[in-house]
Amino acid sequence: MIRMNKRATPLSRGEPDEDLYDTGARSTTALELRDFGEEANSRLLNRGKEHGRDKGVEVAATYVMSNTNPSALGNNMHTGVFIDGDDPVLWDPAGDYTNREMGSGRALYGPEFSPEDYLRYQLTDGPDVTVRKFNTTPEQEAEIRKRIDDIGGGGFLTCTKNVTEAISGIGPFVEVDETWWPAKLDSQLRSLNKHVGEAEDVQSLRHLLSKRNRLGANK
């Protein structure tokens, strides 16, 4: 390794110092190599932060269930929503899905509820049930939960209206318009192309629930 030794030499001489260039062998210790590696890693990490490459966060997901089986109002049976993850919630506004922890139309919080059981219940109306999965951040999920609490159980035929009020304008649902009709909401969600998966039976829903994602930015 070439090392420069700059001695204080009068500039007026115009002559280089005889030891200006020292080409003698110089050993590198393990400690120096370690310090160099740590410094290089630190610079790479900071450069990634400067360019926004460390913004990915692990997320759960928000799922919208659209039951579009035939009813007295056309293909508009019901709409529900649930959030999977560390703080799950299932909301069946103006619905009649019940279990020992939840009455009709009330939100169920915690790990007690079963998304698969909820889908099975909807499928008793017929095969036209779709669950769409959307990546959402913890902040977005907290806002949806707050709206669910504010809206409550809902009244007669307000399931889809309530769901759109709970999700509209948040994350992947930023362009969702309020509607009273399950088929219209599901058409909106499909055409927006923001969902990251969908399920129409228990097996495919179980597969969606098993997948975890890292999200840098919403689609």
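Analysis parameters
For every chain, the first residue of the written sequence is number 1, and numbering continues from 1 along that sequence. With pLDDT at 70 or above as the cut-off, local features in this predicted model cover only qualifying residues; side-chain atom pairs require 80 or more to be listed or tallied, and sums for whole chains, interfaces and linings still use all residues. Side-chain descriptors were evaluated using all non-hydrogen atoms of the structure, hydrogens and water having been removed beforehand. A pair is scored as a salt bridge if a Lys or Arg side-chain nitrogen falls within 4 Å of a carboxyl oxygen belonging to Asp or Glu. Strands here are runs of E lasting at least two residues and helices are runs of H or I lasting at least four, both read from the DSSP assignment and numbered beginning at the N terminus. Three labels apply to residues, based on accessible area from a 1.4 Å probe with only protein chains included: buried if under 20% of the type maximum, exposed if over 50%, partly exposed otherwise in between. For two strands to be treated as a pair, DSSP must find no fewer than two bridges joining them. Here a helix's expected span is defined as the number of its residues, less one, multiplied by 1.5 Å. Picture the helix axis, draw a direction to every C-beta atom, and the arc is the one those directions span. Only heavy atoms enter the contact rule, under which two residues are in contact if any of them lie within 4.5 Å. Per residue, pLDDT measures the predictor's confidence, with a range of 0 to 100.

**Some points on the pattern of salt bridges**
- Inspection of every chain in the model, using the stated rule, returns 8 salt bridges.
- Across the salt bridge formed by lysine 146 and aspartate 150, the nearest N and O atoms sit 3.1 Å from each other. Placement of the pair is lysine 146 and aspartate 150 together in helix H3 (residues 138-151), with a separation of 4 residues, close to one helical turn.
- Classification of lysine 146 as partly exposed rests on a relative accessible area of 48%.
- Residues participating in the shared-partner salt-bridge network are Arg132, Asp186, Arg190 and Glu198.

**Digging into the sheet that holds strand S7 (residues 108-109)**
- If you walk across this open sheet you meet the 6 strands as S7-S6-S5-S4-S8-S9, and the pairing is antiparallel. Where the open sheet ends on each side, the last strands, each with one partner, are S7 and strand S9 (197-199).
- Pairing geometry for strand S5 (residues 78-84) and strand S6 (residues 89-91), over 3 bridges, is antiparallel. Residue pairing for S6: isoleucine 83 is matched across the bridge by valine 89.

**Re H3**
- Here H3 contains 14 residues, and its C-alpha end-to-end distance of 20 Å stays within 8% of the 20 Å for a straight helix at 1.5 Å per residue.
- Burial in H3 covers these residues: Gln140, Glu141, Ile144, Arg145 and Ile148. Taken around the axis of H3, the buried residues stretch over an arc of 140°, which confines them to a single face. Those residues of H3 that are exposed and angled more than 90 degrees off the buried face are Glu139, Asp149 and Asp150.
- Lining the buried residues of H3 we find strand S4 (61-67), S5, S6, S7 and helix H4 (159-167).
- Among the residues trailing H3, glycine 152 stands out with phi positive, at a value near 80°.

**A look at the confidence of the model for the chain**
- Across the chain, pLDDT averages 77, with 66% of residues at or above 70.
- Per-element confidence in the chain ranges from a low mean pLDDT of 38 for strand S1 (residues 3-4) to a high of 98 for strand S8 (residues 129-134).
- Taken as a whole, residues 40-56 scores under 50 in pLDDT and shows 9 contacts with residues more than four places along the chain or in a different chain.

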